[in-house]
Structure formats: structure tokens, C-alpha cells
Amino acid sequence: MDLMFSVSFGSERREAKIRKIGEKDPTTAVIIAAVPFEWMLKRTILKLGQSPTSALREQLEQVYSISDRGNREGYLSIWRREVQPRFRQAALGTVLGKLTSIKDNAMAVRGRVVHGNGTVSDGKAHEAIELFLTSGEKLREFTLKNGDDLDSRLKTRIKERSD
């Protein structure tokens, strides 16, 4: 049995399934769409980052938001340090195209659904779903363009990259 959140399921197949769920249950699909977006963001950093994968995993285990919060680093800071220096025009906002919308809209909708802070219209839910899924597609394309595949096994990097 293929599990939807396993690497072998495939991100394109997962996106299609989430869109299908969103037709009948948009608020559930918001949560289900947010999970692979964050997973793909972490995986992109792991695959394309400079530091050894074990060190990156340890850092990423502590991350729960795109931007820094208090003493906690967010995905954006880690991306700037690990991925951006290796690739020209690789700012996370450039790769995703709609970083502000993801932070201010999609993540806010996800938060309202998860924490029960108010209601979410079907329209807002569908916007969030599409933001998460299209952002995941952009991460997948960026990673492929730079020599790796988010739907393949992660290779362990023991030493920091020197390129």
C-alpha cells in the first residue's frame, strides 16, 4: 500500500489527491496541503544545503515557522545560510514567488483551521491549498533544476560542501 506522505507516493500524485480532497472538504485539505509544503521545504534545504545532513536535520527539527520567532530560527534564515549562497537568484522568495502570501495568508488559514481560531471560508481555504501546492511544485522544480529530486531518497552528506 502506498502511503500518501511517503516519498514513494510521489509529490505530483500527492498534490492531485489533495486537490481532489479539497473539492469536498477544503478545510481538511488546507491541513493536508500544508504538511507536504513544509516537508518539501525542509527536504529542499537538506538536499541542496551546504552543511552535513545530520547537522541540518537537527536544526530543522526545531523549525515550526517560515520566519524567525524569538530565539528560534525559521526556514527563511536556514535557507539564506544553506541554499541561497550556492545558487544564483536562489532567495526563497524568488524561488517561491509568493513568500509573503504564503506567510501572511496560507499559514494564517492553516493556523485558524488547526487551532480553531475562527472560521475559514471555502474560498480562503482553496487559495491556501493552491498556494501550498504551487509552492511545493516550485520547490520540486528548483531542486530538479539544481541536480536533485525531492521524490528520491536523501543522500547522507558527511562533510560540508565546498562548491
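Above: the structure in question.
Rules used throughout
Residues numbered from 1 in each chain as written. Predicted model: local features only at pLDDT ≥ 70, side-chain atom pairs only at ≥ 80, totals over all residues. Heavy atoms only, no water. Helix = DSSP H or I, 4+ residues; strand = E, 2+ residues; numbered from the N terminus. Buried < 20%, exposed > 50% of the residue type's maximum accessible area, 1.4 Å probe, protein only. Contact = heavy atoms within 4.5 Å. Areas by Shrake-Rupley, 256 points an atom, 1.4 Å probe, with all protein chains shown as cover. Expected span 1.5 Å × (residues − 1). 1 Å grid on protein atoms, 1.4 Å probe; cavity = no way out; pocket = protein on both sides within 12 Å on 5 of 7 lines; lining within 4 Å. Points joined across faces, edges and corners; volume = space filled by probe spheres on them. Phe/Tyr/Trp six-rings, centres within 6.5 Å; stacked < 30°, edge-to-face > 60°. Polar contact = N/O pair within 3.5 Å; in protein donor to acceptor, adjacent residues only side chain to side chain. Core = buried A, V, L, I, M, F, W, Y, C linked by side-chain atoms within 4.5 Å.

A.B. asks: Which parts of the structure should I look at to understand the overall build of the protein chain?
C.D. replies: Counting its secondary structure elements, the protein chain contains seven helices and zero strands. Beginning at the N terminus, the succession of helices and strands in the protein chain can be written as α-α-α-α-α-α-α. Across its three principal axes, the protein chain shows a C-alpha extent of roughly 50 × 40 × 25 Å. Relative to its 163 residues, the protein chain shows a buried fraction of 45%. In the protein chain, once contacts between residues fewer than 6 apart in sequence are set aside, the share between residues at least 24 apart is 68%. Total accessible area computed for the protein chain in this model is approximately 9000 Å², and 48% of it derives from carbon and sulfur atoms.

A.B. asks: Even after reading the chapter, I still don't get helix 6 (residues 99-115), so can you show me in this structure?
C.D. replies: Since the α-helix packs 3.6 residues into each turn, any two residues three or four apart lie on the same face. Here helix 6 is 17 residues long and its end C-alpha atoms lie 22 Å apart, about the 24 Å a rise of 1.5 Å per residue gives. Where helix 6 is concerned, the buried positions are Leu99, Ile102, Ala106, Met107, Val109 and Gly111. Looking at the residues trailing helix 6, positive phi occurs at Gly116, about 65°.

A.B. asks: Sorry if this is basic, but what is going on with the layout of surface pockets here?
C.D. replies: Empty space among the atoms becomes apparent when a probe as large as a water molecule is rolled across them. Considering only enclosed or pocket space, the largest pocket measures out at about 300 Å³ in volume. Surrounding the largest pocket, Gln62, Tyr64, Ser65, Ile66, Ser67, Arg69, Arg72, Lys103, Asp104, Met107 and Arg110 form its lining. Each pocket or cavity is described by its volume, and for the second largest pocket that value is around 160 Å³. Taken together, Trp39, Lys42, Arg43, Leu46, Arg57, Leu60, Glu61 and Leu154 form the lining of the second largest pocket. If you list the elements that add at least two residues to the lining of the second largest pocket, you get helix 2 (26-48) and helix 3 (53-60).

A.B. asks: I keep staring at the packing of aromatic side chains and nothing clicks. Help me out?
C.D. replies: The geometry of an aromatic ring pair comes down to the distance between the two centres and the angle between the two planes. Evaluated as defined, the whole model comprises three aromatic pairs. Ring geometry for Trp79 versus Phe142: centroids 5.8 Å apart, planes at 40°, classification tilted. You can see Trp79 sitting in helix 4 (residues 75-82) and its partner Phe142 sitting in helix 7 (residues 122-145), a full 63 residues away along the chain. The pair formed by Trp79 and Phe142 is uniform in burial state, with each residue classed as buried. Between Phe87 and Phe142, the ring centres sit 5.7 Å apart and the planes meet at 80°, which makes this aromatic pair edge-to-face. Of this pair, Phe87 sits in the loop between helix 4 and helix 5 (92-96) while Phe142 sits in helix 7, and the two are 55 residues apart along the sequence.

A.B. asks: Mind showing me how you'd approach the environment of Asp25 here?
C.D. replies: In this structure, Asp25 sits in the loop between helix 1 (11-24) and helix 2. Through-space distance from the C-alpha of Asp25 to that of Asp122 is 8.7 Å; in sequence the pair is 97 residues apart. At a separation of 2.7 Å, a polar atom in the side chain of Asp25 contacts the side chain of Thr28.

A.B. asks: Could you clarify how one ought to interpret the nonpolar core in this entry?
C.D. replies: Counting 44 residues, the largest nonpolar core has Trp79, Phe132 and Leu139 as the members making the most contacts within it. Those elements that place two or more of their residues in this core are helix 2, helix 3, helix 4, helix 5, helix 6 and helix 7. It is helix 2 that provides the largest number of residues to this core, a total of eleven residues. With sequence-adjacent residues up to four places away left out, Trp79 is seen in contact with Leu41, Thr44, Ile45, Gln84, Pro85, Ala90, Ala91, Leu92, Val95, Leu139 and Phe142.

A.B. asks: Could you clarify how one ought to interpret the side chain of Lys47 in this entry?
C.D. replies: By the secondary structure assignment, Lys47 is in helix 2. Look at Lys47 and you get buried, because its relative accessible area is 4%. Only 3.0 Å separates the side chain of Lys47 from the backbone oxygen of Asp149, close enough to count as a polar contact. Of note is the side chain of Lys47, whose polar atom sits 3.3 Å from the backbone oxygen of Arg153. In this view, Lys47 contacts Thr143, Asp148, Asp149, Leu150, Ser152, Arg153, Leu154, Arg157 and Arg161; residues no more than four positions away in its chain are not counted.

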